[in-house]
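Geometric and topological summary
Listed here are the chains, written in short residue letters.
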Amino acid sequence: MDLMPSSARPSRSGWFINDISRPILAVSWLLSVFCLVLVSGCGGGPPRRTPVAQPAALLDARAALEQGQIAHARHVFSSLESPERPLSLRGMARIGLGRCAIAENDLDGAIRHLDVARKLLPGGSQNGRARLYLGEAQLRSGAINTGLNHLENAFESLRETDDRRRAAFLITRTLDHIGDTVPALYRTAAGTYSYPEYSSIWIRQQPVPPAIVAVPHPPKGVVPVEKLSALPRLMIHKRSSWKARPVITRWVAPMSRPTRITVHHTADQPTIATLGIREPEVYLRRIQKYCTSSLEWGDIGYHYLISSDGRIWEGRPLKYQGAHAGNHSLNRGNIGVALIGNFDQDRPSSSQVRSLGSLLNALSSVHDIRSDRIYGHQDLRDTGCPGVHLQAVLSRLVSQLNRTSTARKSR
Ligand SMILES: [Zn+2]
């Protein structure tokens, strides 16, 4: 599920959380850093011959980069990026190569290097550094949402004050630039610092496409449940049918024009999942209670939920931005649909699949969302959600939808 906004990430012990990979990755990263320290002789032991040169070379290359000696820096970083080197060193060398590419305005090259870097450095602050520069390169290339996503992730994993402040600065300036609300934690972390080297990002940026501007009262694009329900073969059970509590409006943001849909699984503990199968109404009330009391989200995070008997339930009203994709920029204009169950373990029921197909069809035609803007949660960020089985079903549904809409248009 992994639906926390980065600004309000709760304890990972909550029963929603389905992410066991991070601790393992963090441990393996720590091990590789530890090994690097060992081979470099930084642990206080006698210096060793060949490996000692590695971190020194890295520092040398970084210094050259700071002084604008890009060719020299690139030469050294390249020499450190060979398969026999430790993964963490290769990752750091790739960060260096990415920074060289940014300095030379080769943004495609930068994005390529930094993407490799973040995969070689799967956790911790070095991963945060890769994401910081990746976010910068994406912003420079005009990919605002992708850039913000990387920066928000960087901000979470960075400890080093200046790097973390840089991430906060880039997020704050970009959100200000596109006229969107800046969460207080970024504004605070950015402080009064200024980084003039970034100023060309916002000068060069194209005018903002309307899809990513948040509007206080969406004039169009928000479709009442009644209208969606009126579509053939689609019945949506309104909030009143599961006795939802009112939305705590001070904790939710208005929805901007829907431009994409993200599909999740709820992946709860087995007992809760069983409850979801037998009594979806009770289950929905429990999720809502958890989201409002423990997470302070104002309401359930998804806009629609589908129980295993195929019934579709109205979750958070669509006039409010959801809390499901992971952070503010990912939730923007993003309709959240969750199937109740854990689809790493089980396959979705056939009635659940049929209802998901109908709902995606209805949402995409009513809101004019192209089929390539329908995602499984894992298409947007590092998560197993919505589980292997549902992700496979979703790919099939999306290509069906694609064929139907192409046929519709050609008629
Ligand atoms: Zn999810």
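Report on the accompanying structure. Values in this document were obtained by computation on a predicted structure and should not be read as measured data. (Residues numbered from 1 in each chain as written. Predicted model: local features only at pLDDT ≥ 70, side-chain atom pairs only at ≥ 80, totals over all residues.)

1. A word on the overall build of the protein chain
Across its full length, the protein chain carries 17 helices and 6 strands. Here the protein chain holds 411 residues, and the buried ones make up 44% of them. Here the contacts in the protein chain between residues at least 6 apart in sequence split such that 66% fall between residues at least 24 apart. (Helix = DSSP H or I, 4+ residues; strand = E, 2+ residues; numbered from the N terminus. Buried ≥ 20, exposed ≤ 12 C-beta atoms within 10 Å, placed from the backbone. Contact = placed C-beta atoms within 7 Å.)

2. Describing the pairing of strand 5 (residues 334-339)
Counting buried positions over the 6 residues of strand 5 gives 6, a clear majority of the element. Here strand 5 shows a buried face lined by N334, G336 and A338 and a second buried face lined by I335, V337 and L339. Two elements, strand 2 (residues 260-265) and strand 5, share 6 bridges in a ladder whose sense is parallel. Within strand 5, the residue paired with H264 across the bridge is A338. Note that strand 3 (residues 304-306) and strand 5 share 3 bridges and pair parallel. What sits directly across from L305, in strand 5, is A338. (Pairing = 2+ DSSP bridges.)

3. As for helix 5 (residues 107-120)
Relative to the 20 Å expected for 14 residues at 1.5 Å per residue, helix 5 spans 20 Å between its end C-alpha atoms, a close match to the ideal helical length. Residues of helix 5 that are buried include every one of A110, I111, H113, L114, A117, R118 and L120, and no others. Tucked inside the fold, the buried residues of helix 5 contact helix 4 (87-103) and helix 6 (124-140). (Expected span 1.5 Å × (residues − 1).)

4. Description of the packing of helix 4 against helix 6
Direction vectors running N to C along helix 4 and helix 6 enclose 20°, while the axes themselves pass 10 Å from each other. Taken together, the axes of helix 4 and helix 6 lie roughly parallel to each other. For the element pair helix 4 and helix 6, the recorded crossing hand is left-handed. Mapping the contact onto sequence places S88, G91, M92, I95, G98, R99 and I102 in helix 4 and Q126, R129, A130, Y133, E136 and A137 in helix 6. Residues belonging to the contact of helix 4 with helix 6 are distributed by class as follows: 6 nonpolar, 4 polar and 3 charged. (Axes fitted to C-alpha atoms, helices over the stretch in contact; angles between N-to-C directions. Parallel < 35°, antiparallel > 145°, perpendicular 65-115°, else oblique. Left-handed = near helix turned anticlockwise from the far one by under 90°. Nonpolar A, V, L, I, M, F, W, Y, C, P; charged D, E, K, R; others polar.)

5. Observations concerning the sheet that holds strand 5
The mixed open sheet is built from 6 strands, whose spatial order is 1-4-3-5-2-6. The strands lining the two open edges of the sheet, one partner per strand, are strand 1 (236-237) and strand 6 (374-376). Pairing of strand 1 with strand 4 (residues 312-314) involves 2 bridges; the strand directions are parallel. Residue pairing in the sheet places I236 in a bridge with I312 of strand 4.

6. Quick look at the environment of P348
Position of P348 among the secondary structure elements: in the loop between strand 5 and helix 15 (350-367). Between the C-alpha atoms of P348 and S308, which are 40 residues apart in sequence, the distance is 7.1 Å. Setting aside chain neighbours within four positions, we find P348 in contact with L339, G341, F343, V353, H389, L390 and V393.

7. A short note on the pairing of strand 2
Counted residue by residue, strand 2 has 6 buried out of 6 residues, so it is predominantly covered. Neither face of strand 2 is left uncovered, since the one carrying R260, T262 and H264 and the one carrying I261, V263 and H265 both have all their residues buried. Sheet topology note: the strand 2/strand 6 ladder contains 3 bridges and is parallel. Bridged to T262 within strand 6 is Y375.

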